[in-house]
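# Summary of the model geometry
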Amino acid sequence: FETNDSSSKFIGTIMASVNQFQRDITGEKVLATMRSKAGAGYFPGRAPVGYKNVQNPNATERFARKAIAIDENTAPYVKEAFKLYATGNYSLADVNDILYEKGLRTKSGKKMFHTKFNEMLKSPFYVGELHWGSVDLKEAKHTPLIDRDLFERVQKVLNDHGGHICRKRKFEWLLNGFIRCYKHGGRYTAEWHLKKRIAYYHCTKSGCPRYIEIGKLEEMVADKFKMLEFSKDFIDLVLEKVKNIFYDRRQSYESKRQGLVNQKNAFEARMRTAEDKLLSKTISDDDFTRMRNEIKIELSAIDDKIIRLQREKDIDVDLAREVIGLTDNIYETYKKSSPQLKRLLLGFFWEKFEVHDGLIIKSVSSILFEELIKAEKAFMKNDNTIISNDSNKFINSNEWCIISKSNNLCLSLIGSIFFTISFKLCLFKSPKIILPS
């Protein structure tokens with residue numbers, strides 16, 4: 001049989017066309033079925049993050065036999081992603097980092113791509129809508145994970161932050177935004193000198209040729225924290241607040257944990273009952289298998305909740321430790337902190353540092369800390385304090401509106417301290433300052 005003659009080629013072409021025609025028909029049928037399924041309110045593809053594909057063979061409705069349901073393992077991460085981003089205090093990359101540290105992974109065990117993470121936060125699927133091809137349903141069959149109000153707040157933050165932008169800088173500089181040129185008033189920037197493998201801060205204006213090594217300037221700024229101290233009555237107030245919050249949360253933890261333990265005991269009792277019925281032939285083997293699988297799923301979900309609850313308790317303990325450490329020694333707390341927490345502490349205590357000719361010649365405290373000083377809840381230590389020879393020993397702060405010395409001010413400042421420390425305790429993945437290759 002000669003395959004190169006004209007007849008063979010003609011037949012081969014016809015057969016290829018028939019095969020392609022068959023594939024096209026199959027594809028059209030699949031798309032039509034998926035379109036019909038979407039029109040009926042059921043998502044026709046692989047479940048998004050937070051959901052899972054499930055089979056319901058006993059469902060009366062045709063498309064309900066293969067549907068999606070909430071995934072107990074990943075749904076909490078999706079909810080937390082929306083809640084964190086809605087605060088406006090995090091970038092997309094920050095929230096992605098936090099949830100990766102907490103356990104959110106792709107099927108291959110990796111961190112979600114930034115584009116996919118952005119698409120997740122913009123998807124109305126999580127409020128119960130279904131948009132697939134020409135199908136647009138405001139109320140689909142799946143259970144919403146997020147309420148409408150939270151979703152709208154996230155969309156507003158996305159728009160305010162530049163929509164889909166989720167890029168991260170190649171290098172993160174600790175003092176970005178805090179260092180100003182005393183001569184020009186402009187902000188300092190930083191850059192790597194690849195040949196020297198050294199990074200420098202410097203003024204962006206011409207006429208300021210002085211470059212300062214990042215380590216040297218950051219050490220000068222760290223020295224400023226040696227001058228800061230809270231008053232004893234403010235420390236007592238903070239510690240009292242910490243104790244009240246800790247004990248309230250511990251009581252809540254113990255109550256929730258006991259409730260979960262009771263649920264677990266109840267399901268284990270049901271398992272023993274099912275085993276007894278199997279041995280006495282009261283139920284069939286198929287019924288026992290179904291009951292055992294259902295109970296195992298429930299027990300696994302309860303164990304996961306207990307683990308998450310224990311993590312929350314550990315965070316409460318760490319929160320108390322961090323706040324106590326901050327009130328005891330501000331400088332040591334700053335030095336031991338991650339770069340991310342250092343920036344938050346900088347923002348809590350300082351407005352800016354003005355630099356000229358390689359020296360910090362003016363330091364301006366933040367509005368918040370300025371009011372603490374005016375309320376005599378904090379002060380600057382000028383005596384018996386070791387300060388770097390390259391840095392000045394005075395604080396020059398702007399004049400702010402004086403607030404009455406009341407506990408209301410102290411409580412609001414306590415809240416700010418908690419807010420600052422909580423960033424670290426969200427398992428924030430600290431940005432790395434990466435050396436260039």
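Being a predicted model, the structure only gives us computed values, none of them experimental. (Residues numbered from 1 in each chain as written. Predicted model: local features only at pLDDT ≥ 70, side-chain atom pairs only at ≥ 80, totals over all residues. Heavy atoms only, no water.)

## Describing the pattern of salt bridges
Counted by the stated rule, this structure contains 15 salt bridges. Among the salt bridges present, the one from Arg153 reaches Asp149, with a minimum N-O distance of 3.3 Å. Separated by four residues within a single helix, Arg153 and Asp149 lie in helix H5 (residues 148–160), roughly one turn from each other. A relative accessible area of 40% means that Arg153 is categorised as partly exposed. Salt-bridge contacts for Glu294 lead to Arg290; the nearest nitrogen and oxygen are separated by 3.5 Å. Of this pair, Glu294 and Arg290 both sit in helix H8 (residues 285–328), four residues apart, which is roughly one turn of that helix. Taking the relative accessible area as the measure of exposure, Glu294 reaches 39% and is therefore partly exposed. Judged by relative accessible area, which is 43%, Arg290 ranks as partly exposed. A network of salt bridges, in which partner residues are shared, links Glu129, Lys138 and Arg148. (Salt bridge = Lys/Arg side-chain N within 4 Å of Asp/Glu carboxyl O. Helix = DSSP H or I, 4+ residues; strand = E, 2+ residues; numbered from the N terminus. Buried < 20%, exposed > 50% of the residue type's maximum accessible area, 1.4 Å probe, protein only.)

## Concerning the sheet that holds strand E11 (residues 359–365)
Taken together, the three strands give an open sheet; going across it, the order is E5-E10-E11, and neighbouring strands pair in mixed fashion. The outermost strands of the open sheet, each flanked by one partner alone, are strand E5 (179–181) and E11. For this sheet, the mean angle separating the axes of adjacent strands, direction not counted, is 30°. As paired elements, strand E10 (residues 350–356) and E11 share six bridges and run antiparallel to each other. When the sheet's bridge partners are listed, His356 is paired in E11 with Leu359. Of the strands in this sheet, E10 and E11 are in contact with helix H10 (residues 339–349), which crosses E10 at around 95°. (Pairing = 2+ DSSP bridges. Axes fitted to C-alpha atoms, helices over the stretch in contact; angles between N-to-C directions. Contact = heavy atoms within 4.5 Å.)

Everything listed is a geometric property; what it means functionally is a separate question.
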